[in-house]
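Architecture at a glance
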Amino acid sequence: MNNRFHTEFCGITLENPCLLASAPPTQSREGIAKALQLGWAGAVTKTCAPDDLITADPANRFAVYRSTEGKIAGLENIEGLTRKTLAYWEATVCQLKQEFPAKAIIASIMADPRREAWQELARRMEAAGADALELNLSCPHFRLADNMGAALGKNEDTSAAITAWVKAAVKIPVIVKLTPNVSNIQTVALAVEQAGADALAAINTVQCLMGIDIETFEPQPAVNGYSSFGGYSGSAIKPIGLRCVAQLAQSTKLPIHGIGGIGSWQDIIEYFAVGASAVQICTAVMFNGYGIIKPIISGLETYLERKGLSKIGALTGAAIPRITSREQLDMHWNRHSTIIAPEKCIHCGKCIRACTECGQSAIRFVNKIVTIDSNRCDGCSLCSHVCPQGVLALR
Ligand SMILES: Cc1cc2nc3c(=O)[nH]c(=O)nc-3n(C[C@H](O)[C@H](O)[C@H](O)COP(=O)(O)O)c2cc1C
């Protein structure tokens, strides 16, 4: 094990900070085993439920959001929980622990709000050998009408009650997976912390509606002409995940699994900087396979080396002291847009339009050369973002 990566998370030793999140990549023993062999430190099983709550999945359950360049920025899913029985998951957790004793196998569980149902799931997964439990109080589309998933996790009292039931039933650590679809994630986190949670995982998917076919008015993903609100994941949700993890780090002392839009080692550093001490990854694996672990690990190694850090844990919370309220920001910080690479200008005029119509009319062409009037520029930075060529920057 690389000592730099050695992480203790709730008493579980992780050989590196990367776990597979509960999702299609962890829906079978074979898939999880393949991932662990490739170098993942552990996996959270696809969420298990009492057998009577298992439902079918619609044939079309994914839709994607593309940037104007055609790259996939986000994924919507309307998938349910596991379609495999509890007996399958008991056997799977047990086998994986025998085959990979040094890897973390976390069982994700979900039930309706019945104490016996949660406690039975928890006890059976503990008896099967799970290192920890993750309580799915956060799926934004599964049986909300039956008061499950995010329907429970939106309410701090039910979240706390379920956490306390599970804590009373097992000795292994209990991680609560939170939904971002709440007005205040800190309130729910504090409630589950008081109820005995050992750790938090954030975020589950963001409730969304991917789009509408403007010819047929079918919402996407369309299932025989109809759809429902689903869960949004992938790189597009990283800013929401970072915000939630930072808010958790600011309000609780619990260790945090950062989740949401992670696809590269840089994303992991960012999640650590806002308070995570391990991460979980789903959509990037769905799109690119378990093998992404290799470049992620080598990127992290190189970064830690360059920064002279002997432990990745030293990064946890590194950016938190710099996250403050808007009112405390320095309103006198004197910065203006500057032309840093005039030779790259293609005269598209995007900076001029943005500045004229949304800003200060500080940019114009003078003899066909883009020019900034620093007396007019108030440093908003919009021009540097709309420029496709990197001609301008805030200096
Ligand atoms: C198709 C799909 C199925 C998922 N199923 C589950 C699940 O069963 N239990 C759960 O806790 N989270 C589930 N998730 C949420 C992921 O674990 C993760 O929290 C979310 O996708 C954000 O991470 P990402 O941007 O890396 O995908 C699912 C996500 C996707 C895309």
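The next point concerns the pattern of salt bridges. Throughout the structure, instances matching the rule amount to 15 salt bridges. When the shortest N-O distance is used, the salt bridge between Arg-114 and Asp-112 registers 2.8 Å. Under the relative-accessibility criterion, Arg-114 is labelled partly exposed at 34%. We classify Asp-112 as buried; its relative accessible area is 16%. When salt bridges with common partners are traced through the structure, they connect Lys-46, Arg-61 and Glu-79 into a single cluster.

A word on the site of the ligand. Taken together, 25 residues form the shell around the ligand, and within it Ser-22, Thr-47, Lys-177, Gly-261 and Thr-283 come nearest. The backbone of Gly-234 places a nitrogen or oxygen atom 2.9 Å from an oxygen atom of the ligand. One of the backbone nitrogen or oxygen atoms of Gly-261 is found 2.7 Å away from an oxygen atom of the ligand. The protein chains hide 98% of the 610 Å² of surface that the ligand would expose on its own. Taken together, the elements giving at least two residues each to the shell around the ligand come down to β6 (72–77) and α9 (283–288). Residues of the shell around the ligand, tallied by class, amount to eleven nonpolar, eleven polar and three charged.

This paragraph deals with helix α6 (residues 185–194). Taken as a whole, α6 has its buried residues at Ile-185, Val-188, Ala-189, Ala-191 and Val-192. Down the axis of α6, the smallest arc covering the buried residues is 160 degrees, so these residues share one side. Of the surrounding secondary structure, the elements contacted by the buried residues of α6 are α4 (150–153), α5 (156–169), β9 (174–177), β10 (199–202) and α7 (238–251). Between the side-chain oxygen of the N-cap and the backbone nitrogen of Gln-186 there are 2.9 Å, and the N-cap of α6 in question is Asn-184.

Quick look at the packing of α7 against helix α8 (residues 265–273) now. Between α7 and α8, the least distance of the axes is 9 Å, while the angle of their chain directions is 25 degrees. Here α7 lies roughly parallel to α8, going by the angle between them. Seen from α7, the contacting residues are Lys-238, Gly-241, Leu-242 and Val-245; seen from α8, they are Asp-267, Glu-270 and Tyr-271. Here the contact of α7 with α8 is built from residues that sort into three nonpolar, one polar and three charged.

What counts and what doesn't
- Every residue gets a number counted from 1 within its own chain, in the order that chain's sequence is written.
- Note on the predicted model: pLDDT of at least 70 is required for a residue's local features to be given, and 80 or more for side-chain atom pairs to be given and counted; whole-chain, interface and lining totals, by contrast, use all residues.
- Computation of side-chain values covers all heavy atoms of the structure but excludes hydrogens and water.
- Note on definitions: salt bridges are taken to be side-chain nitrogens of Lys or Arg within 4 Å of carboxyl oxygens of Asp or Glu.
- Relative accessible area decides the class of each residue, using a 1.4 Å probe on protein chains only: under 20% of the type maximum gives buried, over 50% gives exposed, and in between gives partly exposed.
- Here, proximity means that at least one heavy atom of the residue falls within 4 Å of the molecule or strand.
- We call two N or O atoms a polar contact when they sit within 3.5 Å, provided that within protein one can donate a hydrogen and the other can accept it, with sequence-adjacent residues counted only if both atoms are side-chain atoms.
- Accessible areas in this description were obtained via Shrake-Rupley with a 1.4 Å probe; residue shielding takes into account the shown protein chains only.
- Secondary structure is summarised from DSSP: a helix means a run of H or I of at least four residues, a strand means a run of E of at least two, and numbering begins at the N terminus for each.
- Gly is placed with the polar residues, together with every amino acid not listed as nonpolar (Ala, Val, Leu, Ile, Met, Phe, Trp, Tyr, Cys and Pro) or charged (Asp, Glu, Lys and Arg).
- Each direction from the helix axis to a C-beta atom contributes to the arc, which is the arc of those directions.
- Whether two residues touch is decided by their heavy atoms; if any such pair falls within 4.5 Å, the residues are in contact.
- Note on definitions: angles span 0 to 180 degrees between N-to-C directions of axes, and those axes are lines fitted to C-alpha atoms, for helices only across the stretch in contact.
- Orientation labels follow simple angle bins: below 35 degrees gives roughly parallel, above 145 gives roughly antiparallel, 65 to 115 gives roughly perpendicular, and whatever is left gives oblique.

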